[in-house]
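What follows is the residue order along each chain.
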Amino acid sequence: MQSNFANADADWLNYKGDFSMVLLGMCDSKYKFTYVSIGGRGRRHDAGLWRECDLHHALVNGQLPLPAPRLLPGGWVATPPTIIADGAFPLGPNLMISRARRTIENAFGILSARWRVLRRTFIAKEATARAIIQACVVLHNYLILNQENVPPHQYWYAPPNIRDVPGIAEHQLPPVRFDVQEELDDGDLIREHLVDYFVGPGSVPWQWQHMNG
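Predicted model, so just to flag it, every value in this text is computed and none were measured.

Visitor: Teacher, can you tell me more about the overall build of the chain here?
Guide: Secondary structure assignment for the chain yields six helices and six strands. Ordered by position in the sequence, the α and β elements of the chain form the string β-β-α-α-β-β-β-β-α-α-α-α. The buried share among the 213 residues of the chain stands at 35%. Excluding contacts between residues fewer than 6 apart, the proportion of contacts in the chain whose partners are at least 24 apart in sequence is 58%. Here the chain displays about 13000 Å² of accessible surface, and carbon together with sulfur accounts for 53% of that area.

Okay, structure coming up:
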């Protein structure tokens, strides 16, 4: 988010040369934000901001109420729940790098499309800019929740044409197996297992078209 704070120093300058405040966020499958960290200085790298945020500390210290590792449908290795991110973030047991991150990218896109104040330069104090961003996130979540009980074609806040969706129906997956053979706790090993899974028993007919398209 571009900002213009009085007496702002160079730490607020991003790689484009603009003063900016970072919104670090995580969302669910319905584009509702489940975590945000507002106020990172534009010069800071995402990985550095991630290492300093309270979500990261809670994750690495085992303070989050995460489900236990379990088998994926048709899989053979117990896999922990993971956050999907882009290549700016470090790989870890609960942090994977994947193009599935388009969900959070869509959430940011919807947020900025609907709350256009976020597309303009803030002429405000740092605390005011932070409050504006926080208010937009809260209103975004409120409106996402309000459309959950209506059919998708009646969505008005985040209709299908505002999102990057593949437009495919849900597919039936194989039943879950519970004969756990192995449990992984290393980010690289978990990633390799997920790769094997999604090109093997976890693959779906339409994925190759989207990967090669």
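Once the structure has been displayed, the description carries forward.
Visitor: So what exactly am I meant to see when it comes to the nonpolar core here?
Guide: Membership of the largest hydrophobic core comes to 21 residues, with the highest contact counts inside it found for Phe-33, Leu-111 and Ile-133. Of all the secondary structure elements, the ones that give two or more residues to this core are strand 1 (21–27), strand 2 (33–41), helix 3 (102–114) and helix 4 (126–146). In terms of nonpolar packing, the next biggest core, distinct from the first, is built from 10 residues, Leu-24, Trp-50, Ile-83 and Ala-85 among them.

Visitor: Could you clarify how one ought to interpret the packing of helix 3 against helix 4 in this entry?
Guide: Helix packing for two helices is described by the angle between their axes and how far apart those axes are. Two numbers describe how helix 3 lies on helix 4: the axes approach to 10 Å, and their chain directions differ by 105 degrees. On the basis of their axis angle, the class for helix 3 and helix 4 is roughly perpendicular. Contacts between helix 3 and helix 4 involve Ala-107, Ile-110 and Leu-111 from the former and Cys-136, Val-137 and His-140 from the latter. Taken together, the residues of the contact of helix 3 with helix 4 sort by class into five nonpolar, one polar and no charged.

Visitor: Would you take a moment to explain the pairing of strand 2 for this structure?
Guide: Regular strands place their side chains on alternate faces of the sheet. Across seven bridges, strand 1 lies against strand 2 in antiparallel orientation. When the sheet's bridge partners are listed, Met-26 is paired in strand 2 with Tyr-35. Remark: five residues form the turn of the hairpin made by strand 1 and strand 2, two consecutive strands paired antiparallel; Tyr-31 in that turn has positive phi of roughly 75 degrees.

Visitor: Could you clarify how one ought to interpret the pattern of salt bridges in this entry?
Guide: The final tally for this structure, using the stated rule, is four salt bridges. Note that Arg-44 is salt-bridged to Glu-52, the shortest N-O span being 2.8 Å. Arg-44 gets classed as partly exposed once you look at its relative accessible area, which sits at 34%. With a closest N to O distance of 2.8 Å, Arg-130 and Glu-126 form a salt bridge. Separated by four residues within a single helix, Arg-130 and Glu-126 lie in helix 4, roughly one turn from each other. Taking relative accessible area as the criterion, Arg-130 reaches 30% and is therefore assigned partly exposed. For Glu-126, a relative accessible area of 30% corresponds to the partly exposed category.

Visitor: Looking at this structure, how should I read a nonpolar patch on the surface?
Guide: Judged by side-chain polarity, Val-195, Val-199 and Trp-208 come together as a nonpolar surface patch covering roughly 250 Å² of accessible area. Inspection of the secondary structure assignment puts Val-195 in helix 5 (residues 187–198). Classification of Val-195 as partly exposed rests on a relative accessible area of 35%.

Visitor: How do you make sense of unusual backbone geometry when you look at a structure like this?
Guide: One can expect most non-glycine residues to show negative phi and most peptide bonds to be in trans. Positive phi, normally seen in glycine, also occurs at Tyr-31, with a value near 75 degrees. Along the chain, the position of Tyr-31 falls in the loop between strand 1 and strand 2. Taking relative accessible area as the criterion, Tyr-31 reaches 7% and is therefore assigned buried.

Visitor: What exactly am I supposed to notice about helix 4 here?
Guide: Helical geometry note: an α-helix holds 3.6 residues per turn, so side chains three or four residues apart project in the same direction. Here helix 4 contains 21 residues, and its C-alpha end-to-end distance of 31 Å stays within 8% of the 30 Å for a straight helix at 1.5 Å per residue. For helix 4, every residue scored as buried is listed here: Ala-129, Ile-133, Cys-136, Val-137, His-140, Asn-141, Leu-143 and Ile-144. As for helix 4, its buried residues are in contact with strand 1, strand 2 and helix 3.

Visitor: What should I look at first to understand helix 5 in this one?
Guide: For helix 5, spanning 12 residues, the distance from its first C-alpha to its last is 16 Å, which sits close to the expected 16 Å at 1.5 Å a residue. Looking at the buried positions of helix 5, the neighbouring elements they touch are strand 4 (78–79) and strand 6 (95–97).

Parameters and conventions
Residues numbered from 1 in each chain as written. Predicted model: local features only at pLDDT ≥ 70, side-chain atom pairs only at ≥ 80, totals over all residues. Heavy atoms only, no water. Helix = DSSP H or I, 4+ residues; strand = E, 2+ residues; numbered from the N terminus. Buried < 20%, exposed > 50% of the residue type's maximum accessible area, 1.4 Å probe, protein only. Contact = heavy atoms within 4.5 Å. Areas by Shrake-Rupley, 256 points an atom, 1.4 Å probe, with all protein chains shown as cover. Core = buried A, V, L, I, M, F, W, Y, C linked by side-chain atoms within 4.5 Å. Axes fitted to C-alpha atoms, helices over the stretch in contact; angles between N-to-C directions. Parallel < 35°, antiparallel > 145°, perpendicular 65-115°, else oblique. Nonpolar A, V, L, I, M, F, W, Y, C, P; charged D, E, K, R; others polar. Pairing = 2+ DSSP bridges. Salt bridge = Lys/Arg side-chain N within 4 Å of Asp/Glu carboxyl O. Patch = residues over 30% accessible without salt bridge, like charges linked within 9 Å, V, L, I, M, F, W, Y side chains within 5 Å. Expected span 1.5 Å × (residues − 1).

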